[in-house]
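So you can see what is in the structure, the chains are spelled out below.
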Amino acid sequence: MKKIITLCLFVFALFLGTQTAVAQNSKLEMTKTVNSKAAETTEALRKFVKFDNNQRDQIYEAQQEFIQANYIIEKQNVVEEGTAKKLEAISAQLETRMKTILSEEQYERYLNFQRS
């Protein structure tokens, strides 16, 4: 009887460990996806808009936040009523940050890049 209880506890501990590993794996996947998309977007913008390294770092951070927020909303299983408003607010926040980071000429190029 003792062996059965010990075996059950061992299996239960393995089960809990597996759940933790799966949760960490999905978070790692999200981080990789967000970082790669942010890097791609920043590099494409750098070629089109032509900004310096300091601006590049700021734009990369802004893109990371924007893409992460969109990723979280997209991965939700349930569509909430305010999802469209959240997406609009996230986009507006990105536009505001881009406007503060870039000069007027660069911002115009950025807007042209967004349209294409």
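Above this text you will find the structure in question.
Every value quoted in this text rests on a predicted model; they were computed, and no experiment measured them.

Draft legend 1. A look at the overall build of the chain. Along the chain, the regular secondary structure elements total four helices and zero strands. Counting from the amino terminus, the chain carries its helices and strands in the arrangement α-α-α-α. Counting all 116 residues of the chain, 22% fall into the buried class. Within the chain, residue pairs in contact and separated by at least 24 positions form 62% of the contacts whose partners lie at least 6 positions apart.

Draft legend 2. Structural detail: helix H3 (residues 83-101). The first and last C-alpha atoms of H3 sit 27 Å apart over 19 residues, in line with the 27 Å expected at 1.5 Å per residue. Taken together, the buried positions of H3 are occupied by Thr83, Ile90, Leu94, Met98 and Ile101. Buried positions in H3, seen along its axis, are confined to an arc of 70° and lie on one side of it. Within H3, the exposed residues directed more than 90 degrees away from the buried face are Lys85, Glu88, Lys99 and Thr100.

Draft legend 3. Local environment of the packing of aromatic side chains. Going through the model one piece at a time under the given rule, you end up with two aromatic pairs. Measuring from centroid to centroid gives 5.4 Å for Phe48 and Phe113, while their planes differ by 50°, and the two rings are tilted. Highlighted residues: Phe48 in helix H1 (residues 2-49) and Phe113 in helix H4 (residues 104-115), separated in sequence by 65 residues. Classification of Phe48 as partly exposed rests on a relative accessible area of 39%.

Draft legend 4. View of a nonpolar patch on the surface. Nonpolar side chains collect at one region of the surface, where Met1, Ile5 and Leu9 lie side by side and expose about 370 Å² of accessible area between them. Within the secondary structure layout, Ile5 lies in helix H1.

Draft legend 5. Examining the side chain of Gln106 more closely. Residue placement: Gln106 occurs in helix H4. Residue classification places Gln106 among the buried positions, given a relative accessible area of 10%. Apart from the residues within four sequence positions on either side, Gln106 is in contact with Val49, Lys50, Phe51 and Gln55.

Draft legend 6. A look at the nonpolar core. In this structure, Leu45, Ile59, Met98, Leu102 and Tyr110 are the most contacted members of the largest nonpolar core, which totals 19 residues. At the level of elements, H1, helix H2 (53-74), H3 and H4 are the ones that each hand at least two residues to this core. When sequence neighbours within four positions are dropped, the list of residues in contact with Leu102 reads Val49, Phe51, Gln55, Ile59, Tyr107 and Tyr110.

Draft legend 7. Unusual backbone geometry, seen in detail. The phi dihedral of Lys50 is positive, around 65°, even though this residue is not glycine. Along the chain, Lys50 falls in the loop between H1 and H2. Look at Lys50 and you get exposed, because its relative accessible area is 59%.

Draft legend 8. Main features of the environment of Glu43. With respect to the element layout, Glu43 can be found in helix H1. Note: C-alpha distance between Glu43 and Ile59 (16 residues apart in sequence) is 9.9 Å.

Criteria and thresholds
- Counting starts from 1 at the beginning of each chain's written sequence and moves along it residue by residue.
- Confidence filtering applies because this is a predicted model: local features only for residues at pLDDT of at least 70, side-chain atom pairs given and counted only at 80 or more, and all residues used for totals across whole chains, interfaces and linings.
- Remark: hydrogens and water are excluded; side-chain values derive from all non-hydrogen atoms of the structure.
- To qualify as a helix, a DSSP run of H or I must reach at least 4 residues; to qualify as a strand, a run of E must reach at least 2; elements of each kind are numbered from the N terminus.
- Relative accessible area decides the class of each residue, using a 1.4 Å probe on protein chains only: under 20% of the type maximum gives buried, over 50% gives exposed, and in between gives partly exposed.
- For this analysis, residues touch if any pair of their heavy atoms sits within 4.5 Å.
- What a helix should span is 1.5 Å times the count of its residues minus one.
- Arc, as used here, means the arc of the directions from the helix axis to the C-beta atoms.
- Ring geometry is summarised as follows: Phe, Tyr and Trp rings, the Trp one being its six-membered ring, pair when their centres sit within 6.5 Å, and such pairs are stacked at plane angles under 30 degrees, edge-to-face over 60 and tilted between the two.
- The patch calculation keeps residues exceeding 30% relative accessible area without a salt bridge and links them within 9 Å when they carry like charges or within 5 Å when they are nonpolar (Val, Leu, Ile, Met, Phe, Trp, Tyr).
- Computed with the Shrake-Rupley method and a 1.4 Å probe, the accessible areas treat only the protein chains shown as cover for residues.
- A pair is scored as a salt bridge if a Lys or Arg side-chain nitrogen falls within 4 Å of a carboxyl oxygen belonging to Asp or Glu.
- Definition used in this section: a nonpolar core is a set of buried Ala, Val, Leu, Ile, Met, Phe, Trp, Tyr and Cys residues joined via side-chain atoms within 4.5 Å.

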